[in-house]
Amino acid sequence: MMFVFINLGFFIPSSSGLAFLSVPIMAPLADAVNVSRSSIVSAYAYGLGLISFITPTILATLAMVDISYDKWLKFIMSLMGITALFSAVMLLIQVLV
């Protein structure tokens, strides 16, 4: 689910808009496979937190500080990999417990 939220978050940069569109679909889906609703919220938060580093809406901020998008991606990709791995492990622990 975290990866679904990451993909949706790229196209819907608004956090409340993404929650409004996706959580009503994901919550019954989680109930069908016996996953707690708190896990859905955690997957949403982790996914949106990850994708917010690279969405096109960050371009205005990068322009203000005079950093190119390519330079930003080179800097942030290793951090995103570590964060994604940590988020996936924490989400797995939350689902199993």
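Okay, so let's go over this structure. What you are looking at is a predicted structure, and each value in this text was computed from that prediction instead of being measured. (Residues numbered from 1 in each chain as written. Predicted model: local features only at pLDDT ≥ 70, side-chain atom pairs only at ≥ 80, totals over all residues. Heavy atoms only, no water.)

1. Here's the deal with the packing of helix H3 (residues 37–51) against helix H5 (residues 69–96)
Part 1: Where H3 contacts H5, the axes come no closer than 10 Å and their chain directions differ by 180°. In terms of orientation, H3 lies roughly antiparallel with respect to H5. Every residue of H5 that contacts H3 at Ser 38, Ser 39, Ser 42, Ala 43, Tyr 46 and Leu 50 is listed here: Met 80, Thr 83, Ala 84, Ser 87, Met 90, Leu 91, Gln 94 and Val 95.
Part 2: Residue classes in the contact of H3 with H5 are distributed as eight nonpolar, six polar and no charged. (Axes fitted to C-alpha atoms, helices over the stretch in contact; angles between N-to-C directions. Helix = DSSP H or I, 4+ residues; strand = E, 2+ residues; numbered from the N terminus. Parallel < 35°, antiparallel > 145°, perpendicular 65-115°, else oblique. Contact = heavy atoms within 4.5 Å. Nonpolar A, V, L, I, M, F, W, Y, C, P; charged D, E, K, R; others polar.)

2. Quick word on the packing of aromatic side chains
Part 1: The final tally for this structure, using the stated rule, is three aromatic pairs.
Part 2: Taking 5.4 Å as the distance between ring centres and 90° as the angle between the ring planes, the aromatic pair formed by Phe 10 and Phe 11 counts as edge-to-face.
Part 3: According to the relative accessible area criterion, Phe 11 is exposed, its value standing at 68%.
Part 4: Ring geometry for Trp 72 against Phe 75: centres 5.9 Å apart, planes inclined by 40°, an arrangement best described as tilted. Of this pair, Trp 72 and Phe 75 both sit in helix H5, three residues apart, which is roughly one turn of that helix.
Part 5: Classification of Trp 72 by relative accessible area gives buried; the value is 16%.
Part 6: A residue is classified by how much of its surface remains accessible, and Phe 75, at 54% relative accessible area, is exposed. (Phe/Tyr/Trp six-rings, centres within 6.5 Å; stacked < 30°, edge-to-face > 60°. Buried < 20%, exposed > 50% of the residue type's maximum accessible area, 1.4 Å probe, protein only.)

3. A closer look at the nonpolar core
Part 1: The biggest cluster of nonpolar side chains holds 20 residues, and the ones touching the most others in it are Met 2 and Phe 5.
Part 2: Of all elements in the fold, only helix H1 (2–11), helix H2 (15–32), H3 and H5 reach the threshold of two or more residues within this core.
Part 3: With six residues, H3 is the largest single contributor of residues to this core.
Part 4: In this view, Phe 5 contacts Leu 18, Ser 22, Met 26, Ile 40, Ala 43, Tyr 44 and Gly 47; residues no more than four positions away in its chain are not counted. (Core = buried A, V, L, I, M, F, W, Y, C linked by side-chain atoms within 4.5 Å.)

4. Observations regarding the environment of Val 35
Part 1: Tracing the backbone through its elements, the reader meets Val 35 in the loop between H2 and H3.
Part 2: The sequence separation of Val 35 and Leu 96 amounts to 61 residues, and the corresponding C-alpha distance is 9.1 Å.
Part 3: For Val 35, the residues in contact, after removing those within four places along its chain, are Ala 30 and Val 95.

5. With respect to the packing of H1 against H2
Part 1: Viewed as axis vectors pointing N to C, H1 and H2 meet at an angle of 150°, and their least axial separation amounts to 11 Å. Between H1 and H2, the crossing angle belongs to the class labelled roughly antiparallel. Crossing of H1 against H2: the hand is right-handed. Packed against H1, whose contacting residues are Val 4, Phe 5, Leu 8 and Gly 9, the element H2 presents Leu 18, Ser 22 and Met 26 at the interface. (Left-handed = near helix turned anticlockwise from the far one by under 90°.)

6. A short note on a nonpolar patch on the surface
Part 1: A cluster of nonpolar side chains, contributed by Leu 85, Phe 86, Val 89, Met 90, Ile 93 and Val 97, occupies part of the molecular surface with about 620 Å² of accessible area.
Part 2: Mapped onto the fold, Val 97 is located in the segment after H5.
Part 3: By relative accessible area, which is 84% here, Val 97 ends up exposed. (Patch = residues over 30% accessible without salt bridge, like charges linked within 9 Å, V, L, I, M, F, W, Y side chains within 5 Å. Areas by Shrake-Rupley, 256 points an atom, 1.4 Å probe, with all protein chains shown as cover. Salt bridge = Lys/Arg side-chain N within 4 Å of Asp/Glu carboxyl O.)

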